[in-house]
Amino acid sequence: MNTLGIVLLVIAIVLVVAMVVLYFLGKRMQTRQDEQKAQMDAVAQQVSMLIIDKKRMKLKDAGLPEAVVANTPWYAKGSKIPVVKAKVGPQVMTLICDAQIFDDIPVKKEVKATVSGLYITKVKGLHGKVEQKDTKKKKGGLRAWALKKQAELNEQSKNK
């Protein structure tokens, strides 16, 4: 066997091993995500709130409690997260929003939201209509593509 064949064989074996490792890691992460979602659904509650502002900000600049920032992994502290500033009862709070519903949240309107701790998982309009998104095709980047694919996969798994 010549050296080119040996090199290609070694590369193929390394790729197969990498695919198997990624498959099992992905399976484990999926089960963890399902467990976390079940826990969040168990403690979720409906809250009426007035949305003051919403933005994507870095975790350390969002004004969240120090315990949240301290428990976040080091690689996630620099990433931007969807943050919503809302008035819940007499108190103004900073909440983290689910990235899939962030665009649907109306600003300066009262909504009924499903909240689990500091995390908003669902939003419904309380007074008036919630504006629907434009059906025009938006220019999106990698994040928009990934969110679209994740929504399609979630829909397929629900249908099965």
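The model shown is predicted, which means the values in this text are computed figures rather than measured ones. (Residues numbered from 1 in each chain as written. Predicted model: local features only at pLDDT ≥ 70, side-chain atom pairs only at ≥ 80, totals over all residues. Heavy atoms only, no water.)

Undergrad: So what's going on with the sheet that holds strand β3 (residues 91-97)? Which residues, and what values?
TA: The strand order around the closed barrel formed by five strands is β1-β2-β3-β5-β4, and the pairing between neighbours is mixed. Each neighbouring strand pair of the sheet contributes to a mean axis angle of 50 degrees, computed without reference to strand direction. As defined by bridge partners, strand β4 (residues 110-116) adjoins strand β5 (residues 119-125) across six bridges and the pair is classed as antiparallel. Looking at β5, one finds that Val 115 is bridged to Ile 120. (Pairing = 2+ DSSP bridges. Helix = DSSP H or I, 4+ residues; strand = E, 2+ residues; numbered from the N terminus. Axes fitted to C-alpha atoms, helices over the stretch in contact; angles between N-to-C directions.)

Undergrad: So, a nonpolar patch on the surface: which residues are in play, and what are the values?
TA: Residues Met 1, Ile 6, Leu 9, Val 10, Ile 13, Val 14, Val 17, Val 21, Leu 22 and Leu 25 make up a contiguous nonpolar surface patch of roughly 960 Å² in combined accessible area. Assignment of secondary structure puts Ile 13 in helix α1 (residues 3-42). Here Ile 13 falls in the partly exposed class, since its relative accessible area comes to 48%. (Patch = residues over 30% accessible without salt bridge, like charges linked within 9 Å, V, L, I, M, F, W, Y side chains within 5 Å. Areas by Shrake-Rupley, 256 points an atom, 1.4 Å probe, with all protein chains shown as cover. Salt bridge = Lys/Arg side-chain N within 4 Å of Asp/Glu carboxyl O. Buried < 20%, exposed > 50% of the residue type's maximum accessible area, 1.4 Å probe, protein only.)

Undergrad: Describe in detail the nonpolar core, supporting the description with residues and values.
TA: Formed by 15 residues in total, the largest nonpolar core has its most connected members in Met 49, Ile 51, Val 84, Cys 97, Val 115 and Ile 120. If sequence neighbours within four positions are ignored, Ile 51 has contacts with Val 84, Lys 85, Ala 86, Ile 105, Pro 106, Val 107, Lys 108, Lys 109 and Val 111. Core analysis: the next-biggest nonpolar cluster, separate from the first, contains six residues, Leu 59, Ala 62, Ile 81 and Ile 96 among them. (Core = buried A, V, L, I, M, F, W, Y, C linked by side-chain atoms within 4.5 Å. Contact = heavy atoms within 4.5 Å.)

Undergrad: Account for the packing of aromatic side chains, naming residues and giving values.
TA: If you walk through the whole model with that rule in mind, you get two aromatic pairs. Ring centres of Tyr 23 and Phe 24 lie 5.2 Å apart, and the angle between their planes is 70 degrees; this geometry places the pair in the edge-to-face category. Its guanidinium or amino end placed over the ring of Phe 102, Lys 54 lies 5.0 Å from that ring's centre, counting from NZ or CZ. (Phe/Tyr/Trp six-rings, centres within 6.5 Å; stacked < 30°, edge-to-face > 60°. Lys NZ or Arg CZ within 6 Å of the ring centre and 35° of its normal.)

Undergrad: Describe in detail the pairing of β4, supporting the description with residues and values.
TA: Side chains on a regular strand alternate between the two faces of the sheet. β4 sits mainly inside the fold: five of its seven residues count as buried. As defined by bridge partners, strand β1 (residues 45-58) adjoins β4 across six bridges and the pair is classed as antiparallel. Residue Leu 50 lies in a different strand from β4, and its bridge partner there is Glu 110. Hairpin geometry of β4 and β5 is characterised by an intervening segment of two residues between the two adjacent antiparallel strands and by a positive phi of about 70 degrees at Gly 117.

Undergrad: Before we move on, could you go through the pairing of β1 and cite the residues and values that matter?
TA: Relative to strand β2 (residues 80-88), β1 is paired through eight bridges, and the arrangement is antiparallel. Among the inter-strand pairings, Lys 54 is bridged to a residue of β2, identified as Val 84.

Undergrad: Tell me about the side chain of Thr 94, and please be specific about residues and values.
TA: Positionally, Thr 94 belongs in strand β3. When near neighbours in sequence (up to four residues on either side) are disregarded, Thr 94 contacts Ala 62, Gly 63, Leu 64, Val 83, Val 84, Lys 85 and Leu 118.

Undergrad: Which residues make up the confidence of the model for the chain, and what values do they have?
TA: Scored by pLDDT, the chain comes out at a mean of 87, with 91% of its residues at no less than 70. Per-residue pLDDT, averaged within each element of the chain, yields its smallest value for helix α3 (residues 142-159) (86) and its largest for α1 (95). (pLDDT = per-residue confidence, 0-100.)

Undergrad: An account of the pattern of salt bridges is requested, with residue identities and associated values reported.
TA: Applying the stated rule across the entire model yields two salt bridges. Across the pair Asp 53 and Lys 55 runs a salt bridge whose closest N-O atoms are separated by 3.9 Å. Residue Asp 53 is classed as partly exposed on the basis of its relative accessible area of 30%. Here Glu 152 ties to Lys 149 by a salt bridge, and the two come within 3.7 Å at their closest N and O atoms. Within this pair, Glu 152 and its partner Lys 149 are both found in helix α3, separated by three residues, close to a single helical turn.

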